[in-house]
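# A structural walkthrough
Single-letter residue listing:
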Amino acid sequence: MTDYSDLKFTAEHEWVRLDAAADGVSTRATIGITAYAAEKLGDVVYVDLPDEGSAIADGAVVGEIESTKSVGELFAPLTGVVLEKNSAVEESPELVNSDPFGEGWLIRVEFTELPELLSYADYQALTGDDGASA
Amino acid sequence: MTEAPVGVENPARDEGPARDEGPEPVFSPLNAVHLAAGASFTDFAGWQMPVRYTSDLAEHRAVRTAAGIFDLSHMAEISVAGPDAAAFLDFALAGLLSATAVGQAKYSLLLDHDGGIIDDVVAYRTGETEFLVVANAGNHAVAVGALLKRAAGFDVLVSDVSDQLALIAVQGPAAREIVKATAGIEFDADTVDDHPLDSLKYYWCRPARYANKPLLVARTGYTGEDGFELYVDVASAEALWNAVVEAGVPLGLVPAGLAARDTLRLEAGMPLYGHELGRATRPAQAGLGRVVNFAKEDFVGRAALEAISESADQGAGEMDPARVLVGLRGAGKRAARADYELFETTESTTPIGVITSGVLSPTLGFPVAMAYLDPQFSAQGTELSVDVRGTRLPLTVTALPFYRRKRD
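Heads up: these notes are all about the structure in this document. Per chain, residues are indexed from 1 in the order of the written sequence. Key to labels: chains lettered from A, ligands numbered from 1, both in the order written. Predicted model: local features are reported for residues with pLDDT of at least 70 only, side-chain atom pairs are reported and counted for 80 or more only, and whole-chain, interface and lining totals are derived from all residues. Just so you know, side-chain values use all the structure's heavy atoms and leave hydrogens and water out.

### Observations regarding the sheet that holds strand β2 (residues 26-27) of chain B
Residue and element names in this part refer to chain B. Our working definition: We treat two strands as partners when DSSP finds at least two bridges between them. The helix count covers DSSP runs of H or I at least four residues long, the strand count covers runs of E at least two residues long, and both are numbered beginning at the N terminus. Only heavy atoms enter the contact rule, under which two residues are in contact if any of them lie within 4.5 Å. For helices, the fitted axis covers only the stretch in contact; all axes are lines through C-alpha atoms, and the angles between them, taken along N-to-C directions, range from 0 to 180 degrees.
Taken together, the 3 strands give an open sheet; going across it, the order is β2-β4-β3, and neighbouring strands pair in mixed fashion. Because the sheet does not close on itself, it has two edges, and the strands there are β2 and β3 (40-44). By the bridge criterion, 5 bridges tie β3 to strand β4 (residues 47-52) in an arrangement that is antiparallel. Looking across to β4, one finds that F44 is bridged to W47. Lying over the sheet, helix α8 (residues 258-267) contacts β3 and β4, oriented at roughly 70 degrees with respect to β4.

### With respect to the interface of chain B and chain A
Where interface size is given, it is often the accessible area lost as the parts come together that is meant. Applied cut-off: Throughout, buried area stands for the accessible area (probe radius 1.4 Å) lost by two parts on being put together, summed over both. A side-chain nitrogen of Lys or Arg and a carboxyl oxygen of Asp or Glu constitute a salt bridge if their distance falls within 4 Å. Nitrogen and oxygen atoms within 3.5 Å of one another constitute a polar contact, given that in protein one can donate a hydrogen and the other can accept it, and given that sequence-neighbouring residues count only through two side-chain atoms.
Each partner contributes residues to the interface: chain B has 25 residues there, and chain A has 23 residues. Summing both partners gives a buried area of about 2,000 Å² for chain B against chain A, and 48% of it is carried by carbon and sulfur. At the boundary of chain B and chain A, one finds 4 salt bridges. One salt bridge in this structure joins E66 of chain A and R337 of chain B, with 2.7 Å as the shortest N-O distance. In this assembly, chain B and chain A are joined by 13 residue pairs in polar contact (both at pLDDT 80 or more).

### Details of the pairing of strand β7 (residues 70-75) of chain A
All names here are of chain A. Heads up, the condition is: Burial status follows relative accessibility: with a 1.4 Å probe on protein chains alone, a residue under 20% of its type maximum counts as buried, one over 50% as exposed, and anything between as partly exposed.
Of all 6 residues in β7, 5 are buried; the element is thus mostly enclosed. Here strand β6 (residues 61-67) pairs with β7 via 5 bridges, running antiparallel. Within β7, the position partnered with V61 by the bridge is F75. In sequence, β6 turns back onto β7 through a hairpin of 2 residues.

### What to know about the sheet that holds strand β22 (residues 391-398) of chain B
Residues and elements named next belong to chain B. The strand order β17-β20-β19-β18-β21-β22 describes a closed barrel built from 6 strands, whose pairing is antiparallel. Here the average twist between neighbouring strands, direction ignored, is 45 degrees. Sheet topology note: the strand β17 (residues 324-330)/strand β20 (residues 367-373) ladder contains 6 bridges and is antiparallel. Looking at the pairing, G327 lines up with M370 of β20. Each of β19 (353-360) and β20 touches α8; the most contacted strand, β19, lies at about 120 degrees to it.

### Notes on the side chain of T30 of chain A
Relative to the assigned elements, T30 of chain A resides in strand β3 (residues 28-33). Discounting residues that sit within four places of it in the chain, T30 of chain A has contacts with W15, V16, R17, D19, W105, I107 and R108 of chain A.

Now the structure itself:
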């Protein structure tokens, strides 16, 4: 099983991966939703993501993820500015199901504030299973 | 991320009591099969039923192009037997059940005294004096209760046989070949040249046997495809499921869950209790006026429906703003979902209707929805606006069904 201990998680099923930084202090992160969330949603058919340059605030709704049977809201797990959204996911929403931690990433953010997030172990405990497994 | 489920059959939306009063979930006799197949489950009317096995969309497409097998054991089966069975159902249901032939099925409605819809049912005439009435899981208790109450004065025995029967549906263009190829299904040998399934017409059924237990094979379904519904003894359900799968997998059959069932029925324009149908809905509003037979003798709901019909004819306008069920199609990929409000234009603020079911059609590629709409806006081609979580999107009134299979 893939190890996701390098990721941070929210109770709302987002994951956050801090970019590696040369000086060791990263201010950039990539954000997506977990495999657990993708599985619960069912087949994702529409994704609406914030555009590059959008300011996002920790806890605010910044996007939508629709499946055939549900509408999910994407919450910003941190505060900052969107550097890039994954246009491939808007074109092919099924990437969220097929590779939620990889090609199904949603946005990259330059953050100004990094809230306390859940560890992989904490997130697994929250979902009551190996929720991060693809 | 938070999730708001929509669309999948949800009896809790209606005031009808569900079967889930108790905390203990009910499991299908096929539960072990679903677990082995890796199903994800959803609570439906207190039952733990498969919502999907792998992918809603893959399951949906398999039914449109090959076949899917569904477990519908949560449905309620009610046996109606006795000399007055047909006369009783003529009184208890909206249709003329006495006019159905032995072996024929009929879609009908269980109406309240005020003409509202308590449930929609399929009644199979399995004998001169025997019917099997199939009701929605969410209305199990209320349907059984209404039929028992209405049976007073008739020489008929109404029995809830839901616990005895499992229901397996095989739906899709390959369904007939699959059921024919399923080992262990035996029909009474009354035809020499043709397979009995070749002469079984749509909305007819015939008795068969599986593992020496009675099996009812019905050419009915809820997906818009050709297909069969197999009513079997619960003890034989698992073996039958496995036999169908074994015969069907080479022909493209996949197990399919309630999520696919919902998108399939919506494309086919079929109403769902709790969404398009409910106690506050009159048959004509739901486009089901043809289901009600006023030529027969008295039936429950008749007086109320006639009163409504007369006041409408006289233009008395006493009815509630009688919204009618319409089909809508959208553009783009964003679906209008149940409970979203409809407006005449992007600017208008007075709702003229409400969505009852909506989804991005997997087959057609554009959003489709059903809605109750003020009749003055219900002409085909009328352009409307829907509020999708704060954004207005255009929708066009269109004919139902959205999807119609090519018939051979």
